[in-house]
Amino acid sequence: MRYILSIFICFALLTTLNAQNNKYTGLKSKGEIPDDFTKLTLKKIEEAQAAATSGRKKDKTKSKFYEISNFGVDELLQSGSVCFNDTISSYVENVLEEIRAKNKSIPLDIRIYTIKSPVVNAFTTDQGIIFINTGLLAQLENEAQLAFVLCHEIIHYTEGHVMEGFIEDTKIENAKDDYRRIKNVDKELASTRFSRKMETEADKKGLELFLNTDYNPAEVDGVFDVLLYSYLPFDEIPFDSSILEVGNYQIPDKYFLEELNEIEVEEDIDDSRQTHPNIAKRRKKADNILISEKQTGKDFIVSEEAFYSVRAAARYEVLRLQLINGNYSEALYSAYILKKEYPDNPLPELAVGEILYGTALFANTKNKKKVTGYYKKKQGNVQQVYYVLNKIKAKDMTLLALRYNYYLQEKFPENEVIKKRLETLSRDLVYYYEVDDSDLNFVKIENQKDTSSVTKKTTVKKVSSKYDRIKSKKSNGSSKENTFNKKWAYDLFIDCNCESELEELFEKGKKLSDDKKYQLAETDDEELNQKSLDEQKAYAKEKRKHGRSLGIDKIILVDPYYAILNLNKKDALKRVKSEKEEVEQLTSYEDIAKMANLDLEILTNYRFNSTDVQRYNDFSLINEWANERFMMKNRTDFTSSAEEVQDLIDRYGTEYFAWTGVVNATYPRSGKLYVALLSFYSIVGIPYGIYYLATPKTETYIYFSLFNIKTGELVMYESRSINMKDSNGLLDTHYYDIFNQIKK
């Protein structure tokens with residue numbers, strides 16, 4: 001059965017990745033939502049404690065573990081970053097079944113979920129969940145390596161390592177049992193030493209499970225290579241400027257390093273403060289076991305084709321996440337690698353258009369390093385990419401982004417997002433640099449692209465994998481002729497046959513620039529500036545007097561948050577009470593919205609049932625949108641999920657999505673001694689002083705953000721602090737005021 005499933009997985013992935021469309025929507029969950037995602041954490045804790053005690057006396061440390069562990073796992077499960085029943089998780093499940101077929105003792109309650117994360121990692125929970133990051137799958141070379149990773153994680157579960165580590169850390173922190181005489185400075189060393197012991201056990205016993213299968217034992221060593229070089233991109237190939245060059249132009253030689261930093265990493269590092277043994281130790285111990293075992297096996301058992309399809313999906317997902325996180329240098333290199341591997345797929349080119357556009361937006365507001373990063377300490381070929389994006393000046397980057405996105409518009413004329421990008425770029429060229437279409441060079445030339453300064457690619461021996469290329473020590477820079485035309489960016493439009501189109505585009509850009517100047521009171525007309533300022537003052541005065549009047553009929557409230565903190569305690573967050581209040585407050589939001597005649601819909605895991613997979617995917621998408629929107633700050637006209645967001649608007653019948661939270665905090669009063677001394681000077685002050693000293697201070701904080709997800713505009717933001725404990729009446733009053741301002 002698993003082989004049939006693999007065929008379907010492979011078909012689904014290949015259809016997605018090879019489709020000649022211009023819309024990639026990322027990894028999606030499918031089928032029924034598992035109980036792990038919808039069951040209240042409190043219920044999970046009760047079930048875990050009941051199973052553990054079974055008539056025995058309750059253990060306080062274990063009870064605390066169940067609370068912290070379940071809430072920690074549920075925070076991840078409810079983040080929208082985890083996928084279930086998706087094509088990647090399903091394939092990994094098939095590999096797990098192959099391992100279980102040869103190891104009958106593996107528990108049946110282990111389940112696999114995929115985390116949408118570029119980080120190279122996998123980990124296990126005490127509940128029997130193995131989380132696999134897309135970043136890890138993007139780096140693996142074959143199915144056998146994946147199988148060893150799973151065997152390692154299975155041992156963490158079957159040996160109870162998560163709870164064992166928590167109990168040991170509690171003993172260390174409280175100086176109990178063997179740690180009675182431990183010094184504070186040695187506590188971290190003791191904790192990491194115990195963690196390394198468990199990791200060594202997981203390697204050893206995991207290898208025993210692995211050797212029971214028919215997978216190739218030689219690939220265990222490859223897993224350690226993956227971990228050793230996990231800080232690098234998912235492949236290591238020379239970078240040239242071809243991916244940025246879509247017209248009759250050449251990126252100048254100036255923007256290319258002649259020599260790159262070599263890839264250098266130490267295997268045998270001091271691991272005394274690390275949770276894992278260093279790679280040299282892990283590799284040696286594995287080799288000592290493998291030397292006396294079988295030396296042959298298969299790299300693939302479930303499906304070679306499905307593995308490479310899954311890895312491709314993981315790599316595209318890593319690229320998408322790099323875009324969302326604003327990690328544009330890494331994203332450009334990922335797009336370059338994928339373009340080389342899948343030349344007919346349009347997604348890498350679309351990513352490049354987005355990268356250049358986003359980089360230009362940040363560069364124009366003098367904040368480019370936030371999205372390009374720093375190049376000096378980077379190793380290998382990715383350093384070249386960091387250098388290019390760092391060194392191209394803001395105006396030139398904006399012109400390059402305009403040229404590249406114009407090329408994309410010609411290729412994908414129905415893409416509305418690209419059209420909006422072009423308008424914004426033309427606006428920024430006018431606003432920041434007073435550049436318009438008359439400054440550009442459209443003159444036709446006879447010859448095609450001048451190849452005199454084309455990158456001279458260094459010949460590199462062809463090897464089979466990223467890790468072989470790294471070990472070959474052949475990270476090369478570009479050897480380009482040292483010529484530089486300062487006006488090169490104005491020549492990007494030569495032979496583009498787009499003069500009339502750009503003239504029309506810059507007319508829009510000038511209008512948008514004028515509008516922006518008016519809003520900021522930066523026009524050349526002082527009377528106009530004063531009018532703008534007067535309008536802003538009048539709006540602010542009206543807002544103070546009567547509140548906002550937004551006239552919005554419907555909003556979607558996304559995952560409302562509620563936290564109760566007691567800062568007098570070491571473990572300040574009251575998790576169980578917080579969840580109870582969070583769930584109860586959902587009904588209050590709906591009741592208050594009805595009173596304000598506001599149509600309110602709540603999107604949260606607490607309201608999902610097993611068939612709500614579409615709503616779960618929507619929840620995941622809107623949280624990704626929010627993360628990118630906050631990263632972009634006031635650059636409201638851009639998010640990488642803009643096309644999908646339109647589907648959300650159509651599905652929910654509104655452009656307005658809100659995030660809100662309540663924090664009730666109790667903390668010690670300051671200046672206790674000062675108050676005590678003053679109060680005891682008079683008989684009248686004594687009762688007050690006693691009350692003040694005995695009563696902790698309590699405050700309630702409310703935050704509320706309302707966005708138009710179509711434009712990215714922050715429509716409303718409220719942050720309120722009340723010097724008293726929360727109550728239903730208190731919160732109802734404040735939320736009625738907020739909802740009323742939205743509706744009226």
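The rules we used
Residues numbered from 1 in each chain as written. Predicted model: local features only at pLDDT ≥ 70, side-chain atom pairs only at ≥ 80, totals over all residues. Heavy atoms only, no water. Salt bridge = Lys/Arg side-chain N within 4 Å of Asp/Glu carboxyl O. Helix = DSSP H or I, 4+ residues; strand = E, 2+ residues; numbered from the N terminus. Buried < 20%, exposed > 50% of the residue type's maximum accessible area, 1.4 Å probe, protein only. Axes fitted to C-alpha atoms, helices over the stretch in contact; angles between N-to-C directions. Parallel < 35°, antiparallel > 145°, perpendicular 65-115°, else oblique. Left-handed = near helix turned anticlockwise from the far one by under 90°. Contact = heavy atoms within 4.5 Å. 1 Å grid on protein atoms, 1.4 Å probe; cavity = no way out; pocket = protein on both sides within 12 Å on 5 of 7 lines; lining within 4 Å. Points joined across faces, edges and corners; volume = space filled by probe spheres on them. Nonpolar A, V, L, I, M, F, W, Y, C, P; charged D, E, K, R; others polar. Domains from an automatic or database assignment. Disulfide = S-S within 2.5 Å. Core = buried A, V, L, I, M, F, W, Y, C linked by side-chain atoms within 4.5 Å. Pairing = 2+ DSSP bridges. Phe/Tyr/Trp six-rings, centres within 6.5 Å; stacked < 30°, edge-to-face > 60°. Patch = residues over 30% accessible without salt bridge, like charges linked within 9 Å, V, L, I, M, F, W, Y side chains within 5 Å. Areas by Shrake-Rupley, 256 points an atom, 1.4 Å probe, with all protein chains shown as cover. Lys, Arg positive; Asp, Glu negative; His and termini not counted. Charge placed at Lys NZ, Arg CZ, Asp CG, Glu CD. pLDDT = per-residue confidence, 0-100. Polar contact = N/O pair within 3.5 Å; in protein donor to acceptor, adjacent residues only side chain to side chain.

1. Considerations on the pattern of salt bridges
- Counted by the stated rule, this structure contains 41 salt bridges.
- As a salt-bridge pair, E67 and K64 come within 3.7 Å of each other at their nearest N and O atoms. Of this pair, E67 and K64 both sit in helix α4 (residues 60-77), 3 residues apart, which is roughly one turn of that helix.
- On the basis of relative accessible area, E67 is assigned to the buried category, the value being 16%.
- Judged by relative accessible area, K64 falls into the partly exposed class, the value being 31%.
- Among the ionic pairs, E416 bridges to K419, the shortest N-O distance being 3.4 Å. Of this pair, E416 and K419 both sit in helix α18 (residues 416-433), 3 residues apart, roughly one helical turn.
- Beyond isolated ion pairs, a larger network of salt bridges with shared partners links K64, E67, D571 and R575.

2. Focus on the packing of helix α12 (residues 304-324) against helix α14 (residues 347-364)
- Between α12 and α14, the least distance of the axes is 11 Å, while the angle of their chain directions is 10°. In terms of orientation, α12 lies roughly parallel with respect to α14. The two elements α12 and α14 meet at a crossing, and its hand is left-handed. On α14, the residues that touch Y316, L319 and L323 of α12 are L347, P348, A351, E354 and I355.

3. Here we look at the layout of surface pockets
- Approximately 1200 Å³ is the volume found for the largest pocket.
- N121, A122, E199, T275 and H276 are, among the 49 residues lining the largest pocket, the residues nearest its centre.
- If you list the elements that add at least two residues to the lining of the largest pocket, you get α4, β3 (122-124), α7 (143-158), α8 (161-174), α9 (187-211), α10 (219-228) and α11 (279-290).
- For the lining of the largest pocket, the element with the highest residue contribution is α9, accounting for 7 residues.
- Residue composition of the lining of the largest pocket, grouped by class: 24 nonpolar, 17 polar and 8 charged.
- By volume, the second largest pocket is sized at about 940 Å³.
- Forming the walls of the second largest pocket are 36 residues, and the residues nearest its centre are E75, Q78, S79, D559 and Y561.
- Where the lining of the second largest pocket is concerned, the elements lending two or more residues are α4, α12, β6 (561-566), α22 (575-595), α23 (613-632) and β8 (656-667).
- The biggest single contributor to the lining of the second largest pocket is α23, with 6 residues.
- A breakdown of the residues in the lining of the second largest pocket according to their chemical character gives 15 nonpolar, 13 polar and 8 charged.
- Split by domain, the lining of the second largest pocket shows at least three residues from each of two domains, domain 1 (2-229 + 265-304) and domain 3 (547-743).

4. Describing the state of the cysteines
- Within the structure shown, the criterion is met by 1 disulfide.
- Between the sulfur of C496 and that of C498 lies a disulfide, 1.8 Å long from S to S. In this structure the cystine formed by C496 and C498 twists about its S-S bond by roughly -75°; its chirality is therefore left-handed. Of the two residues, C496 and C498, neither departs from the other in class, the shared state being buried.

5. Observations concerning the nonpolar core
- Ranked by size, the top nonpolar core spans 131 residues in total, and within it L150 and F493 carry the most contacts.
- For L150, the contacting residues outside a window of four places in its chain are V92, V95, L96, I99, I112, I130 and I132.
- Counting 29 residues, the second-largest nonpolar core is a separate cluster that includes V73, V82, Y113 and V558.

6. Description of the pairing of strand β2 (residues 111-115)
- Of all 5 residues that make up β2, 5 are buried, and the element is covered over most of its length.
- The side-chain alternation of β2 yields two buried faces, one formed by R111, Y113 and I115 and the other by I112 and T114.
- Inspection of the sheet shows strand β1 (residues 82-83) paired to β2 by 2 bridges, in the antiparallel sense. For C83, the partnering residue across the bridge sits in β2 and is T114.
- Looking at chain direction, β2 and strand β4 (residues 129-133) are connected through 5 bridges and run parallel. Counterpart to Y113 in the pairing with β4 is F131.

7. Re the packing of aromatic side chains
- Scanning the entire structure with this criterion turns up 32 aromatic pairs.
- Consider the rings of Y375 and Y387, whose centres lie 4.9 Å apart with planes at 85°: the pair is edge-to-face. Of the two residues, Y375 is situated in the loop between α15 (369-372) and α16 (382-391) and Y387 in helix α16; the sequence distance between them amounts to 12 residues. The two residues Y375 and Y387 agree in class, both being buried.

8. Here's the deal with a negative patch on the surface
- Where like charges cluster on the molecular surface, the negative patch consists of E410, E499, E501, E503 and E504.
- Per element, the largest residue contribution to the negative patch is 4 residues, and it comes from helix α20 (residues 499-519).
- Its location among the elements puts E501 in helix α20.

9. Digging into a positive patch on the surface
- Taken together, the side chains of K254, K369, K376, K391, K393 and K486 define a basic patch exposed on the protein surface.
- Considering the arrangement of structural elements, one finds K391 in helix α16.
- Since its relative accessible area comes to 35%, K391 is described here as partly exposed.

10. Considerations on the environment of Q295
- Along the polypeptide, Q295 turns up in the loop between α11 and α12.
- C-alpha of Q295 to C-alpha of A218: the two residues are 77 residues apart in sequence and 6.9 Å apart in space.
- Residues within four places of Q295 in sequence aside, it is in contact with N216, P217 and L290.

11. Quick look at the confidence of the model for the protein
- For the protein, per-residue confidence averages 87 on the pLDDT scale, and 86% of positions sit at 70 or higher.
- Below pLDDT 50 for its whole length, residues 1-9 participates in 15 contacts with residues either more than four positions away or in separate chains.
- Counted against residues more than four places away or in other chains, residues 447-463, with its pLDDT under 50, gives 29 contacts.

12. With respect to the environment of S500
- Structurally, S500 can be placed in helix α20.
- The spatial distance from the C-alpha of S500 to the C-alpha of D437 is 9.2 Å, given a sequence separation of 63 residues.
- Polar contacts involving the side chain of S500 include one to the side chain of E501, which spans 3.1 Å.

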